[in-house]
Amino acid sequence: MRVPATIRIQQSDFDVAREIAALGADRTDIGAVVTFSGLCRGPEGGDAIAALTLEHYPGMAEAEIKRHVDEATSRWPLQGVTVIHRFGRIEPGQNIVLVVTASKHRQAAFEAAEFLMDYLKTSAPFWKQEETPDGKGWVEARAHDDAAAARWTKS
Amino acid sequence: MKVKYFAWVRERVGKAEETIEPPSSVHTVGDLMAWLSARDETYAHAFEKPKVIRAAIDHAHVKADAAIAGASEIAFFPPMTGG
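Here the structure is a predicted model, which is why all the values come from computation and not from measurement.

Caption draft 1: View of the overall build of chain A. For chain A, the count of helices and strands is four helices and ten strands. Secondary structure elements of chain A occur, N-terminal to C-terminal, as β-α-β-β-β-β-α-β-β-β-α-β-β-α. A globule of 155 residues ought to have a C-alpha radius of gyration of about 15 Å, and chain A, at 16 Å, matches this closely. Overall, chain A is about 50 × 40 × 30 Å in size when its C-alpha atoms are taken along their principal axes. Per-residue burial over chain A gives 32% buried out of 155 residues. Of the contacts formed within chain A by residues at least 6 apart in sequence, a portion of 76% connects residues at least 24 apart.

Caption draft 2: Quick look at the overall build of chain B. Of regular secondary structure, chain B possesses three helices and five strands. Against the 2.2 N^0.38 benchmark of 12 Å for 83 residues, chain B shows a C-alpha radius of gyration of 12 Å, consistent with a compact globule. Taken along the three principal axes of its C-alpha coordinates, chain B extends 35 × 30 × 20 Å. Relative to its full complement of 83 residues, chain B shows a buried share of 33%. Nonlocal contacts in chain B, meaning residues at least 24 apart in sequence, comprise 52% of its contacts between residues at least 6 apart.

Caption draft 3: The arrangement of unusual backbone geometry in detail. Positioned with a positive phi, Ala 7 of chain B is a non-glycine residue whose angle comes to about 55 degrees. Relative to the assigned elements, Ala 7 of chain B resides in helix H1 (residues 7-13).

Caption draft 4: Representation of the sheet that holds strand E2 (residues 32-39) of chain A within the structure. Residue and element names in this part refer to chain A. If you walk across this open sheet you meet the four strands as E1-E6-E8-E2, and the pairing is mixed. Whereas interior strands pair on both sides, the edge strands pair on one side only; in this sheet they are strand E1 (5-10) and E2. The average angle at which neighbouring strand axes cross in this sheet is 5 degrees, direction not considered. In the sheet, E1 pairs with strand E6 (residues 78-86) via six bridges, with the strands oriented parallel. Note that in E6 the partner of Thr 6 across the bridge is Thr 82.

Caption draft 5: Seen up close, the sheet that holds strand E5 (residues 51-56) of chain A. All names here are of chain A. Strands sit in the order E7-E5-E9-E10 across an open sheet of four strands; the sheet is antiparallel. Since the sheet does not close on itself, it has two edges, and those belong to strand E7 (88-90) and strand E10 (135-138), each with one partner. Across this sheet, the average inter-strand angle for adjacent strands is 25 degrees, counted without regard to direction. By the bridge criterion, four bridges tie strand E9 (residues 126-132) to E10 in an arrangement that is antiparallel. Each bridged residue has a counterpart across the sheet, and for Gln 129 the counterpart in E10 is Trp 138.

Caption draft 6: Molecular detail of helix H2 (residues 60-75) of chain A. Here H2 of chain A is 16 residues long and its end C-alpha atoms lie 23 Å apart, about the 22 Å a rise of 1.5 Å per residue gives. All buried positions along H2 of chain A are accounted for by Met 60, Ala 61, Glu 64, Ile 65, His 68, Val 69, Ala 72 and Thr 73 of chain A.

Caption draft 7: Spatial organisation of the environment of Phe 47 of chain B. All names here are of chain B. Tracing the backbone shows Phe 47 in the loop between helix H3 (41-46) and strand E3 (54-57). On the basis of neighbour counts, which here come to 20 C-beta atoms within 10 Å, the residue Phe 47 falls in the buried class. A C-alpha to C-alpha distance of 12 Å links Phe 47 and Asp 31, two positions 16 residues apart in sequence.

Caption draft 8: A look at the interface of chain A and chain B. Listed as interface residues are 22 residues of chain A and, on the opposing side, 14 residues of chain B. Listed by contribution, the elements that provide at least two residues to the side of chain A that touches chain B are E5, H2, helix H3 (106-123) and E9 of chain A. Top element by residues in the side of chain A that touches chain B is H3 of chain A. It accounts for five residues. A class-by-class count of the residues in the side of chain A that touches chain B yields 14 nonpolar, five polar and three charged.

About the criteria used
Here the residue index of a chain counts from 1 through its sequence in written order. The lettering of chains begins at A and the numbering of ligands begins at 1, in the order of writing. A pLDDT threshold of at least 70 governs which residues receive local features in this predicted model, and a stricter bar of 80 or more applies before side-chain atom pairs are shown or counted, although totals over entire chains, interfaces and linings include all residues. Numbering of helices and strands starts at the N terminus; helices are DSSP runs of H or I of at least 4 residues and strands are runs of E of at least 2. As a reference, a globule follows 2.2 Å times the number of residues to the power 0.38, and the radius of gyration itself is taken over C-alpha atoms. With C-beta atoms placed from the backbone, a residue is buried if 20 or more other C-beta atoms are within 10 Å of its own, exposed if 12 or fewer are, and partly exposed between those counts. Placing a C-beta atom from the backbone of each residue, one calls two residues in contact when those atoms lie within 7 Å. Any two strands are treated as partners once DSSP identifies two or more bridges connecting them. Axis definition: a line fit to C-alpha positions, over the contact stretch in the case of helices; interaxial angles, taken between N-to-C directions, run 0 to 180 degrees. Take the number of residues in a helix, subtract one, and multiply by 1.5 Å to get its expected span. Residues were grouped as follows: Ala, Val, Leu, Ile, Met, Phe, Trp, Tyr, Cys and Pro as nonpolar; Asp, Glu, Lys and Arg as charged; and all remaining residues, including Gly, as polar.

Structure, rendered in structure tokens:
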């Protein structure tokens, strides 16, 4: 069965409750829905961040997320997936990314959501630039994000 | 072929995209970085640590030894920091 998947790259905000409702609309077979929301943090390593600006690679961002959604639906018995990633200027407290996974039982939904987030961090072509009192700077990639993604690699 | 640059690679190169025609001696993504670096110091600055630079051919991640033959769009960018 083809798993319903929604992938959106957008500048505007999203409504978590509305996305959950949309994923489960007109069906009664879903037993578990897991959501992950990534937000813009204000304090970061001693610096106060005024905002993040997210740059992305249009076309590849959608393609790369779809590749990982397809892998998630082949590895776990999912009933639906929604991934939304914002771009542009985002202030502390605002949403950056949303992953929603639905399955009959919770384990698949939990694991698939974590898998998708780990790969979004290291493979989806997005770049964050921070605005601090000292000026603007590109956020550096973190080794622990690579390690988090690597643990899903099949041996 | 079209080449696109993102984030600090884009800033260092000074443009978001361009169309280039590398000579036939440029076989791989790594060759292309070296060829661009030899053209101008802005590219040399952007690609000064080639092992840090990530690349994609036609919207798919590739390694530096990937062949560029037949590619219509090649992108260079720093490690990703989305999510």
